[in-house]
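Each chain, letter by letter, is given below.
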Amino acid sequence: AMPLAILAVLAGVLVIGVVLGPLPLLFLVIGTGAGLSYDLWLKQTHWSWAPFIVAFAVLLPYVWSSLDLFREELLAIYLIGLALVPAVHLANVLPDIEADAAAGRRNLTLIWGRSLAIRIIAVLLLTPLVLTLLSLSVIDYNATLLGAVVLVYAVLLAPQPMVDFFSATWQR
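Residues numbered from 1 in each chain as written. Predicted model: local features only at pLDDT ≥ 70, side-chain atom pairs only at ≥ 80, totals over all residues. Heavy atoms only, no water.

This brings us to the overall build of the protein. Regarding its fold elements, the protein presents ten helices and zero strands. In the protein, the order of α-helices and β-strands from amino to carboxyl end is α-α-α-α-α-α-α-α-α-α. Overall size of the protein, expressed as C-alpha extent along the three principal axes, is 50 × 45 × 20 Å. For the protein, the proportion of its 172 residues judged to be buried stands at 30%. Taking contacts inside the protein between residues at least 6 apart in sequence as the whole, the part at least 24 apart equals 62%. Surface accessibility of the protein: about 10800 Å² in total, with carbon and sulfur atoms responsible for 75%. Charge-centre separation for the protein: the mean point of 7 positive side chains lies 13 Å from the mean point of 9 negative side chains. (Helix = DSSP H or I, 4+ residues; strand = E, 2+ residues; numbered from the N terminus. Buried < 20%, exposed > 50% of the residue type's maximum accessible area, 1.4 Å probe, protein only. Contact = heavy atoms within 4.5 Å. Areas by Shrake-Rupley, 256 points an atom, 1.4 Å probe, with all protein chains shown as cover. Lys, Arg positive; Asp, Glu negative; His and termini not counted. Charge placed at Lys NZ, Arg CZ, Asp CG, Glu CD.)

Right, let's talk about the packing of aromatic side chains for a bit. Evaluation of the coordinates by the stated rule reveals three aromatic pairs. Ring geometry for Tyr38 against Phe52: centres 5.2 Å apart, planes inclined by 85°, an arrangement best described as edge-to-face. On the criterion of sequence distance, the pair formed by Tyr38 in helix 2 (residues 22-42) and Phe52 in helix 3 (residues 50-67) is long-range, its members being 14 residues apart. For Tyr38, a relative accessible area of 9% corresponds to the buried category. Take Phe52: its relative accessible area is 13%, and that puts it in the buried class. Between the aromatic rings of Trp47 and Trp49, the centroid separation amounts to 5.4 Å while the plane-to-plane angle is 35°, which identifies the pairing as tilted. Look at Trp47 and you get partly exposed, because its relative accessible area is 45%. Among the residues examined, Trp49 registers a relative accessible area of 31% and is labelled partly exposed. (Phe/Tyr/Trp six-rings, centres within 6.5 Å; stacked < 30°, edge-to-face > 60°.)

The next thing to look at is the packing of helix 1 (residues 2-20) against helix 2. Running from N to C, helix 1 and helix 2 cross one another at 155°; their axes reach a closest spacing of 7 Å. By the angle between their directions, the pair helix 1 and helix 2 is classed as roughly antiparallel. Contacts between helix 1 and helix 2 involve Leu10, Val13, Leu14, Gly17, Val18 and Leu20 on the former and, on the latter, Pro24, Leu25, Leu28, Val29, Thr32 and Leu36. Taken together, the residues of the contact of helix 1 with helix 2 break down into ten nonpolar, two polar and no charged. (Axes fitted to C-alpha atoms, helices over the stretch in contact; angles between N-to-C directions. Parallel < 35°, antiparallel > 145°, perpendicular 65-115°, else oblique. Nonpolar A, V, L, I, M, F, W, Y, C, P; charged D, E, K, R; others polar.)

Put into structure tokens, the structure is as follows:
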């Protein structure tokens, strides 16, 4: 029953892509392929991060091409947000570190260990904030909106709450 359900979902995804047009279909196929490659082959390897990079890289172009909203200045989002992708991947695999070790898996979290992985996640989550502030000289932002976003992001990632969050979440 499960393989049939998977095939039905994939067929639905392809139909949606065809309806949206060739470019959204391309991004949809690439993103779906990345997800499947993670689930079927790469999840248990030190390459498990690669499908995350690919899938997140095509997510925004998929949305932009589907809605016909692409603007060249939107590409700056990649430079600023790129560090979030490996942070998401590490955060995704970190809760399973003991089970992955027992199963003999070799992902980056196991190679680095819990403590270093948490520190790397923290640095990766702070990187977009730093890059946004550094980009002020080359990108013309709405100052009020940028200030609000930076303030909320900084508060959410304040050092002590972030340490408390990681400790409570992954010290099981």
